[in-house]
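Remarks on the overall topology
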Amino acid sequence: MLVSVVIPVYNECEVLPALLSALRRALANVYDYEIIFVDDGSTDGTSDVLRHSVNEDQRLKAIFFSRNFGHQAAITAGLDFASGDAVAVMDADLQDPPELLPEMLALLDQGYDVVSAQRLTREGDGVLKRYTAKLFYWIIRKMVDERIQNEVGDFRVFSHRAVTALRNFREQHRFMRGMVAWLGLREIILPYHRTARIAGETKYSLWKMLRFAWTAITSFSALPLRLSVFFGFFISLCGLGYGIYSIFMAKVLKATVPGWTSLVCLNVIFSGVTLLAIGLVGEYVAHIYEEAKGRPLYVVSDSANLRHVRPDLAKAVILSAAPGQSETEYEPAEKKAPRA
Ligand code: UDP
Ligand code: MG
C-alpha cells in the first residue's frame, strides 16, 4: 500500500529537519510512502530547505505555490497530486504527531474512509486560542453541520475514494472540515494529545482565525442570512407595537410628547439593523461573485519529484513541468471548464 502524506508548509524552515526525521521514523519499514510538501509561498528559506531534501530522496515531493494561497488551498493541492492508496494530511510543526500515522492507517484498513485525529488537550496553545477554538467548534456544529466533530482539525487520513470525492470540491472559499462532513463517508475518531509546536510561530493570528471561522460559516451555511430575516421580522413587530402605542397616545390620551429621544434611538437602531442585513447579503453576493469568476484555487510555479499529473484537475494552474514532460501536458487542467 502506498501512503501519501500531504504537508502544507508556510515559513517552517526551522521545523522541517525534525519533521522529516520524525516522519521517516514513523513510516519506515511499515509502508511504501511519498511525502508531498506544499510550499504555500514561504519567504523564509523553506523552499531552499525543501529543494535540498527533495533532491536527496525521491520519495519526497514538493509543490511550490507562486504566492501564499492559504492553508486550505495548500491541502487541496496536496490532495490533488497525491497518488497513494491512503492519503494523510498533517501540519508541519509536529503538533500533529507522525507516530499516530500507523494507528490511523490501521483504522483505515478496517474499512473506514476517513480517520480523524481529535485533540484531547492543547499543550502550547494560549488561553485565548483554547477558548476561541471551543467557541468556534460550538458555533460551527450548531450553524454548519452537526457532523463536524468537536476538536477535529485537518489532521486526517483518507482512503483513496474519499480523496477522489474531495477532489470534486472546487469552491473558492474552502473549509475542509465542512467538506468532509458534507460527504458523509464512514469516519472514525482517534483522540490524541496535541503538543506545542516545536519551533517557529503560529501562522494563524487572531485576525486570520476570525476570517477562517467566517469562511467556515458562510461557505457552508445560509443561517446568518436567515438570522437577519428573523431579526428584521422581530424588530418590525416591535416597530408595529410602538406605532400602535404612539397612535393610542396621540389620539386617545392626547398626550403627545416631543419624543425626540425615542425618534433618535429608533432611527439609530433601525439603520444599524438595516445596514447589518445589507452587509450580510453583500457578503454572500461577494461569494457568488468570486465563484462566478471561476478563478483557479492555486498556482503552482514549480515542483520537484512529481511525475504524476492528473489531467482532469480543474481550477488549478500548474506552470511547472515534471521531468520528461512538456508544460503543455499540464494544459487540460487550465483549459477545463470550471465545475460549479
Ligand atoms: N500554513 C500554510 N499556509 C498558511 C498558514 C499556515 O500552509 O497560510 C501551514 C503551516 O505551515 C502549518 C499548518 O498550515 O503546517 C498549520 O498552521 P499553524 O501551525 O500555524 O496553525 P495552528 O496550529 O497554530 O492553528
Ligand atoms: Mg500548528
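Above this text sits the structure in question.
Conventions used here
Residues numbered from 1 in each chain as written. Chains lettered and ligands numbered in written order. Predicted model: local features only at pLDDT ≥ 70, side-chain atom pairs only at ≥ 80, totals over all residues. Heavy atoms only, no water. Near = heavy atom within 4 Å. Polar contact = N/O pair within 3.5 Å; in protein donor to acceptor, adjacent residues only side chain to side chain. Areas by Shrake-Rupley, 256 points an atom, 1.4 Å probe, with all protein chains shown as cover. Nonpolar A, V, L, I, M, F, W, Y, C, P; charged D, E, K, R; others polar. Core = buried A, V, L, I, M, F, W, Y, C linked by side-chain atoms within 4.5 Å. Buried < 20%, exposed > 50% of the residue type's maximum accessible area, 1.4 Å probe, protein only. Helix = DSSP H or I, 4+ residues; strand = E, 2+ residues; numbered from the N terminus. Contact = heavy atoms within 4.5 Å. Disulfide = S-S within 2.5 Å. Donors = N, O, S within 2.8 Å, 3.2 Å for Na, K, Ca; no water. Salt bridge = Lys/Arg side-chain N within 4 Å of Asp/Glu carboxyl O. Pairing = 2+ DSSP bridges. Axes fitted to C-alpha atoms, helices over the stretch in contact; angles between N-to-C directions.

What follows covers the site of ligand 1. Around ligand 1 there are 19 residues in total, and Glu12, Asp40, Asp93, Thr202 and Lys203 lie nearest to it. At 3.2 Å, a side-chain N or O of Asn68 approaches an oxygen atom of ligand 1. Separating a nitrogen atom of ligand 1 from a backbone N or O atom of His71 is a distance of 3.4 Å. Contact with the protein chains hides 95% of the accessible area of ligand 1, taken as 530 Å² for the molecule alone. A per-class count over the shell around ligand 1 returns 5 nonpolar, 5 polar and 9 charged.

By size, the foremost hydrophobic cluster in this structure holds 41 residues, and its most contacted members are Val5, Ile7, Phe37 and Leu101. Of all the elements, helix H1 (residues 16-27) adds the most residues to this core, at 6 residues. Not counting the four nearest positions on each side in its chain, Ile7 is found in contact with Leu19, Leu23, Ile35, Ile36, Phe37, Val38, Met90, Asp91 and Ala92. Of all hydrophobic cores here, the second largest spans 33 residues; its members include Ile75, Leu79, Val89 and Val317.

Turning next to the state of the cysteines. This structure, assessed with the given rule, holds 0 disulfides. Between Cys238, a free cysteine, and Cys265, which holds the nearest cysteine sulfur, the sulfur-to-sulfur gap is 14 Å. A residue is classified by how much of its surface remains accessible, and Cys238, at 43% relative accessible area, is partly exposed. Judged by relative accessible area, Cys265 falls into the partly exposed class, the value being 38%.

The protein atoms that coordinate the magnesium ion (ligand 2) are Asp93 (OD) and Gln95 (OE1), at distances spanning 1.9 to 2.0 Å. The exposure class assigned to Asp93 is buried, which follows from its relative accessible area of 3%.

Phi at Asn11 takes a positive value of approximately 50°, unusual for a residue other than glycine. If you trace the backbone, Asn11 turns up in the loop between strand E1 (2-9) and H1.

Topologically, Asp125 is positioned in the loop between strand E5 (114-122) and helix H5 (127-143). A relative accessible area of 14% means that Asp125 is categorised as buried.

Moving on, we come to helix H7 (residues 176-183). Given 3.6 residues per turn, any residue in an α-helix points the same way as the ones three and four places further on. With 6 of its 8 residues buried, H7 lies for the most part within the structure. Along H7, the positions that sit buried rather than exposed are Met176, Arg177, Gly178, Met179, Val180 and Ala181. At its buried positions, H7 is contacted by helix H3 (71-81), E5, H5, strand E6 (152-159), helix H6 (160-166) and helix H8 (206-220).

So, about the environment of Ala196. Considering the arrangement of structural elements, one finds Ala196 in the loop between strand E7 (187-194) and H8. Setting aside residues up to four positions removed in sequence, Ala196 forms contacts with Gln95, Glu123 and Gly124.

Let us look at the side chain of Ser221. Checked against the element boundaries, Ser221 lands in the loop between H8 and helix H9 (223-252). The exposure class of Ser221 is buried, given its relative accessible area of 8%. When near neighbours in sequence (up to four residues on either side) are disregarded, Ser221 contacts Met143, Val144 and Tyr284.

Tallied over the full model, the rule gives 19 salt bridges. Across the pair Asp57 and Arg24 runs a salt bridge whose closest N-O atoms are separated by 3.0 Å. On the criterion of sequence distance, the pair formed by Asp57 in the loop between helix H2 (46-56) and strand E3 (60-65) and Arg24 in helix H1 is long-range, its members being 33 residues apart. Here Asp57 falls in the buried class, since its relative accessible area comes to 11%. Among the residues examined, Arg24 registers a relative accessible area of 30% and is labelled partly exposed. Linking Glu291 and Lys315 is a salt bridge whose minimum nitrogen-to-oxygen distance equals 4.0 Å. A residue pair is termed long-range when its members are at least 10 positions apart, and Glu291 in helix H10 (residues 260-293) and Lys315 in the loop between strand E8 (299-304) and strand E9 (317-318) qualify at 24 residues. One salt-bridge network, in which partners are shared between bridges, spans Glu12, Asp93, Arg197 and Lys203.

This next bit is on the sheet that holds E8. If you walk across this open sheet you meet the 9 strands as E7-E5-E6-E4-E1-E2-E3-E8-E9, and the pairing is mixed. The outermost strands of the open sheet, each flanked by one partner alone, are E7 and E9. The sheet contact formed by E3 and E8 spans 4 bridges and is antiparallel. By the bridge assignment, Phe65 is partnered in E8 with Val300. Running over the sheet, H1 touches E1, strand E2 (32-39) and E3 and is turned about 160° from E2. Of the strands in this sheet, E5 and E6 touch H7, which is tilted by about 50° from E6.

The side chains of a regular strand alternate between the sheet's two faces. Of the pairings in the sheet, the one linking E8 to E9 comprises 2 bridges and is parallel in character. Counted as the bridge partner of Val299 is Val317 from E9.

Without other data, these values stay purely geometric and don't point to any function.
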